[in-house]
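# Observations on the three-dimensional arrangement
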Amino acid sequence: QVQLEESGGGLAQPGDSLRLSCVASRRTSISESIGWFRQPPGKEREFVAAFFRSGANTYYATSVKGRFTISRDNARNTVALQMNSLKPEDTAVYYCAIGRPILSSLTRADAYGTWGQGTQVTVSS
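Conventions adopted
Residues numbered from 1 in each chain as written. Predicted model: local features only at pLDDT ≥ 70, side-chain atom pairs only at ≥ 80, totals over all residues. Heavy atoms only, no water. Helix = DSSP H or I, 4+ residues; strand = E, 2+ residues; numbered from the N terminus. Rg over C-alpha atoms; globule rule 2.2 N^0.38 Å. Buried < 20%, exposed > 50% of the residue type's maximum accessible area, 1.4 Å probe, protein only. Contact = heavy atoms within 4.5 Å. Lys, Arg positive; Asp, Glu negative; His and termini not counted. Charge placed at Lys NZ, Arg CZ, Asp CG, Glu CD. Pairing = 2+ DSSP bridges.

### A short note on the overall build of the protein
Across its full length, the protein holds zero helices and eleven strands. For 125 residues, the compact-globule estimate of 2.2 N^0.38 gives 14 Å, and the C-alpha radius of gyration of the protein, at 13 Å, lies within 12% of that figure. Taken along its principal axes, the extent of the C-alpha atoms in the protein is 40 × 30 × 25 Å. Per-residue burial for the protein yields a buried fraction of 44% across its 125 residues. Excluding contacts between residues fewer than 6 apart, the proportion of contacts in the protein whose partners are at least 24 apart in sequence is 58%. Averaging the positions of the 14 positive and the 10 negative side-chain charges in the protein gives two centres separated by 7 Å.

Structure follows, in structure tokens:
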């Protein structure tokens with residue numbers, strides 16, 4: 001069973017940038033997708049960004065498109081989330097996840113079977 005560990009969360013002001021990192025205990029297989037989700041206070045977990053399987057195509061939630069960038073370093077089994085122009089509504093616990101969703105289910109949290117412990121991001125002035 002692969003293990004995931006996130007880091008890089010913290011407190012930021014509106015307009016600031018943060019970079020999250022997720023290290024996997026092994027390289028993802030060709031059929032596995034890896035992505036980021038977040039859970040705002042009192043709300044359900046929601047999709048943020050992901051790579052579909054081993055390809056280079058990236059997918060983003062509308063709310064973060066143009067501000068967040070997902071990237072991967074296969075040599076280090078790492079996926080990162082660069083978050084720019086942060087807003088208070090980006091406040092959430094951010095999770096890294098691995099799963100085998102079909103493309104139409106890429107944004108569904110229940111399509112992912114392995115999760116990290118999460119890292120808190122708080123955006124406040």
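From this point, the discussion proceeds with the structure in view.
### Let's talk about the pairing of strand 4 (residues 33–39)
Most of strand 4 sits out of view: six of its seven residues are buried. In the sheet, strand 4 pairs with strand 9 (residues 92–99) via seven bridges, with the strands oriented antiparallel. In the sheet register, F37 faces strand 9, and the bridge partner there is Y95. Taken together, the five bridges between strand 4 and strand 5 (residues 46–51) define a ladder with antiparallel strand orientation. Bridge pairing in strand 5 places F37 opposite F47.

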